[in-house]
Amino acid sequence: MTFILYLLNALEAMLPTEHQYTYVEDDFPSQLPLRLPSVGLALANGAPHFSLYADDDWGTLFPESDGFTDLGPNKRTFLISFVHQLHCLDVFRVGFVTNRTGFAHHVEHCLRYMRQAVLCYADTTLEVDHPGLLDGKWEHAANGVGSVHRCKDWTVLREYMDEHPAGPIEQR
């Protein structure tokens, strides 16, 4: 038994210690230090919710705060990418609805941002092929409805953001 305890202590000593970040300059983690449980999400067509004109439905996705949170001993403020990604989806939606002049630069930024987020996640969920005729030729097609994705529980993240909003901006 003593030998087993010795081995366990030796193995524990070999494990790297958790880095304590200062949150000064570049010394901060790349991700929010919050463990999100994995959940399954079966995609659905979503109708009638989340249409282009459903401002209230889209509003339910956002945290009560603005998505910024303070971290570290000096309360350095960060935006959570999840909120930026939701914001960009909403920008696309509002852009389609309003088609305002001067809105193109924001849509363009969000389109580029969302492209990178999709590439970063590289979702490998399989979606069933539903072939169909297009111009007299059979083509592969998929709508994703019913596919179950391995996801992080975004409601845990939203709850965290609601409980840890960034403080007011101070003059530096």
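Above this note sits the structure.
The model shown is predicted, which means the values in this text are computed figures rather than measured ones. Each chain carries its own residue numbering, running from 1 in the direction its sequence is written. It should be noted that, the model being predicted, local features are given only for residues of pLDDT at least 70 and side-chain atom pairs only at 80 or more, the latter also being counted only at that level, while totals for whole chains, interfaces and linings use all residues. Neither water nor hydrogens contribute to the side-chain values; these are computed over all heavy atoms in the structure.

Draft legend 1. How the structure looks around the packing of aromatic side chains. Between 30 and 60 degrees the pair is tilted, below 30 it is stacked and above 60 it is edge-to-face, where a pair is any two Phe, Tyr or Trp rings, Trp via its six-membered ring, whose centres lie within 6.5 Å. Within this structure, the stated rule accounts for five aromatic pairs. A centroid spacing of 5.5 Å and a plane angle of 85° characterise the contact between Phe 50 and Trp 58, whose relative ring orientation is edge-to-face. You can call Trp 58 buried: its relative accessible area is 15%. The buried label applies to any residue whose accessible area, calculated with a 1.4 Å probe on protein chains only, is under 20% of its type's maximum; exposed applies above 50%, and partly exposed to all values in between.

Draft legend 2. A look at the packing of helix H3 (residues 81-98) against helix H4 (residues 104-121). The axes are straight lines fitted to the C-alpha atoms, using for helices just the contacting stretch, and the angles between their N-to-C directions are given from 0 to 180°. Helix and strand definitions here come from DSSP, where helices need a minimum of 4 consecutive H or I residues and strands a minimum of 2 consecutive E residues; each element is numbered from the N-terminal end. Between H3 and H4, whose axes approach to 9 Å, the crossing angle comes to 130°. Of the possible angle classes, the one that applies to H3 and H4 is oblique. The way H3 lies across H4 gives a crossing that is left-handed. In this structure, H3 contributes Ser 81, His 84, Gln 85, His 87, Cys 88, Leu 89, Val 91 and Phe 92 to the contact, and H4 contributes His 106, Val 107, His 109, Cys 110, Leu 111, Tyr 113, Met 114 and Ala 117. Charged means Asp, Glu, Lys or Arg here, nonpolar means Ala, Val, Leu, Ile, Met, Phe, Trp, Tyr, Cys or Pro, and polar covers whatever is left, Gly included. Residue composition of the contact of H3 with H4, grouped by class: ten nonpolar, six polar and no charged. Should an angle fall under 35 degrees it is taken as roughly parallel, and over 145 as roughly antiparallel, whereas 65 to 115 is taken as roughly perpendicular and any remaining angle as oblique. Take the far helix as the reference: if the near one is turned anticlockwise from it by less than a right angle, the crossing is left-handed, and if turned clockwise, right-handed. Contact between two residues is taken to exist if any of their heavy atoms lie within 4.5 Å; hydrogens are not considered.

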